[in-house]
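Examining the three-dimensional arrangement
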Amino acid sequence: MNVYDSHRMADILHPLGYRAVDTPDDADMVILNTCHIREKATDKVFSDLGRMRDHKDERAKSGKKTLVAVAGCVAQAEGELIMDRAPYVDLVFGPQTYHELPEMVVRALGERVVNTDFPVESKFDSLPVDHVTQDGPSAFVSIQEGCDKFCTFCVVPYTRGAEYSRPAEKILDEAKTLRDRGVKDITLLGQNVNAYHGEAADGSTWSLGRLIQALGDIDGVERIRYMTSHPRDVDQDLIDAHRDVPALMPFMHLPVQSGSDAILKSMNRKHTADHYREIIAKLRAARPDIAFSSDFIVGFPGETEADFEATMQLVRDVRYMSAYSFKYSARPGTPAANMQGLVHDAIMDERLQRLQALLMEQQREFNTAMIGQTVPVLFDGRGRKDGQLYGRTPWNQPMHVMAPAQYFGQIAQVRVNDATATSITGELAQ
Ligand code: SAH
Ligand code: SF4
């Protein structure tokens, strides 16, 4: 979502004459778009800001002004504190205010600006429809933002605010505009993307499944994905969409966090491990080639060895193609931060290693099972070597393939020759 937000910031600053550059060296403005989800991400902001100060001082020696801005969820959570700790920061703004960037930038040239409002008007109403900075055939479209679920470990409801779904017509328009720019692959984004319940043109409310059906009917939209889903919001419409919409890719990122019912309850996830297993079974029945990834937290307060073993068992039962796993990180202001039963860091490390070894083994099995198969690859990047293109399979696995430059932006059949846990290689089948 931060990648999407950064692109939209570039879009809205484009009419002011700003263009994205690859390094801060030549930048008149640096926007650090930040993440508050775990402590590590937040700490990184302050070390990165230190470098921005040096950079700003260096440019000042040759009479050049550099605006330093902090955006995203750390900006939202720590607004004034950033201003106090980092006097060289000119502008701090939260994730719901970046549509006001042109005004904020002009103000920041004269005074220090902090904006962490949750405006009544959605930013989506003021953002440009066209993604002028779009490059290549793959694009993100944000359809839902914020979260009302309040899992006890999570800062998102506090930093991104309440749940909001964009009207369906606006999303369809944006998808058509992107299609006209050569986009074939759209990833729908939301903190809880399948909690989507947007207003349709006829006044009815559309679920994510219904929206995907309509997107699948747009000529030229060949690949649809979405993330991140919550198990509680997987409904029949979404399962049907996986059965009925050929453009919907056979992949789902469905975070479970833990396989222990006691921990799931304490996390306020509001489902059990068996309920999660049932959802997976229904999706597999609807779309047999569907693959799953997930997020896991180890060492949540109170997690025993038996709770952790239940997580390992769930992983063995589901069999994932990939996954993200994290050590629990206490976040200020969340209910879990005050819970008893902290798990020792060394135990967290050890559990994380065991979990990641199992997940890596499953990833290797998934990838190597593809050897010998021919799969459609969408080429959406330049390769590492000359004559190579970078592309992605329907399961979003990255591939470097020797292919003529005119294949960029196209989908071609690729035969998989070799695979490991972390890479897949192949050659054009035509
Ligand atoms: N809305 C999604 C997840 C959003 S946050 C969901 O409900 O599943 C992305 C991931 O970060 C989470 O799935 C979780 O695994 C991880 N995460 C969030 N807060 C965390 C914390 N306090 N400590 C460790 N990991 C955390
Ligand atoms: Fe955070 Fe996801 Fe829970 Fe919302 S549903 S509070 S975003 S983990």
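In the nomenclature of an unreviewed UniProt entry, the protein corresponds to tRNA-2-methylthio-N(6)-dimethylallyladenosine synthase from the organism Micavibrio aeruginosavorus. In its Catalytic activity (unreviewed entry) section, the UniProt record describing the protein reads: "N(6)-dimethylallyladenosine(37) in tRNA + (sulfur carrier)-SH + AH2 + 2 S-adenosyl-L-methionine = 2-methylsulfanyl-N(6)-dimethylallyladenosine(37) in tRNA + (sulfur carrier)-H + 5'-deoxyadenosine + L-methionine + A + S-adenosyl-L-homocysteine + 2 H(+)". Among the UniProt annotations of the protein, the heading Sequence similarities (unreviewed entry) holds the following wording: "Belongs to the methylthiotransferase family. MiaB subfamily."

Looking now at the packing of helix 7 (residues 208-216) against helix 8 (residues 236-244). As a packed pair, helix 7 and helix 8 sit with axes 7 Å apart at the nearest point and diverge in direction by 25°. As the angle between them shows, helix 7 and helix 8 are arranged roughly parallel. Of the residues in helix 8, those in contact with Leu208, Gly209, Arg210, Ile212 and Gln213 of helix 7 are Asp237, Leu238, Ala241 and Asp244. Taken together, the residues of the contact of helix 7 with helix 8 sort by class into four nonpolar, two polar and three charged.

What follows is about the UniProt feature "domain: MTTase N-terminal" (unreviewed entry) in the protein. When the UniProt feature table is mapped onto this chain, "domain: MTTase N-terminal" (unreviewed entry) is found at residues 1-110. Taken end to end, residues 1-110 comprises 52% helix and 13% strand; its first and last C-alpha atoms sit 30 Å apart.

A complete count under the given rule lists seven aromatic pairs for this structure. Between the aromatic rings of Phe153 and Phe300, the centroid separation amounts to 6.4 Å while the plane-to-plane angle is 80°, which identifies the pairing as edge-to-face. Residue Phe153 is located in the loop between strand 6 (144-145) and helix 5 (156-159), and its partner Phe300 is located in the loop between strand 13 (291-298) and helix 11 (305-318); the two are separated by 147 residues in the primary sequence. Exposure remark for Phe300: the relative accessible area of 0% places this residue in the buried category. Taking 6.4 Å as the distance between ring centres and 80° as the angle between the ring planes, the aromatic pair formed by Phe379 and Tyr407 counts as edge-to-face. With a gap of 28 residues between them, Phe379 in strand 15 (residues 374-382) and Tyr407 in the loop between strand 17 (398-402) and strand 18 (411-419) connect regions that are remote in the sequence. Phe379 gets classed as buried once you look at its relative accessible area, which sits at 0%. One aromatic cluster is present, built from ring pairs that chain together Phe153, Phe300 and Tyr328. Cation over ring: Arg38 sits above Phe326, and NZ or CZ is 3.6 Å from the ring centre. In this structure, Arg85 is placed above the aromatic ring of Phe46, and the distance from its NZ or CZ to the ring centre is 3.6 Å.

This brings us to the side chain of Asp307. Within the secondary structure, Asp307 sits in helix 11. It turns out Asp307 is buried and unbridged, and the closest side chain with the opposite charge, Arg351, is 6.9 Å from it. Not counting the four nearest positions on each side in its chain, Asp307 is found in contact with Ser260, Ala262, Ile263 and Gly302.

A separate point is the sheet that holds strand 5 (residues 138-142). Across the sheet, which stays open at both edges, the three strands sit in the order 5-8-11 with parallel pairing between neighbours. In this open sheet, the two strands that pair with only one neighbour each are strand 5 and strand 11 (223-227). Strand-to-strand, the axes of this sheet are offset by a mean angle of 25°, without reference to chain direction. In this structure, strand 8 (residues 185-189) lies alongside strand 11, joined through five bridges in parallel fashion. When the bridges of strand 11 are listed, Leu188 appears paired with Tyr226.

Rules behind the numbers
- Residues numbered from 1 in each chain as written.
- Chains lettered and ligands numbered in written order.
- Predicted model: local features only at pLDDT ≥ 70, side-chain atom pairs only at ≥ 80, totals over all residues.
- Heavy atoms only, no water.
- UniProt positions renumbered as here; feature names shortened; annotations may be inferred.
- Axes fitted to C-alpha atoms, helices over the stretch in contact; angles between N-to-C directions.
- Helix = DSSP H or I, 4+ residues; strand = E, 2+ residues; numbered from the N terminus.
- Parallel < 35°, antiparallel > 145°, perpendicular 65-115°, else oblique.
- Contact = heavy atoms within 4.5 Å.
- Nonpolar A, V, L, I, M, F, W, Y, C, P; charged D, E, K, R; others polar.
- Phe/Tyr/Trp six-rings, centres within 6.5 Å; stacked < 30°, edge-to-face > 60°.
- Buried < 20%, exposed > 50% of the residue type's maximum accessible area, 1.4 Å probe, protein only.
- Lys NZ or Arg CZ within 6 Å of the ring centre and 35° of its normal.
- Lys, Arg positive; Asp, Glu negative; His and termini not counted.
- Salt bridge = Lys/Arg side-chain N within 4 Å of Asp/Glu carboxyl O.
- Pairing = 2+ DSSP bridges.

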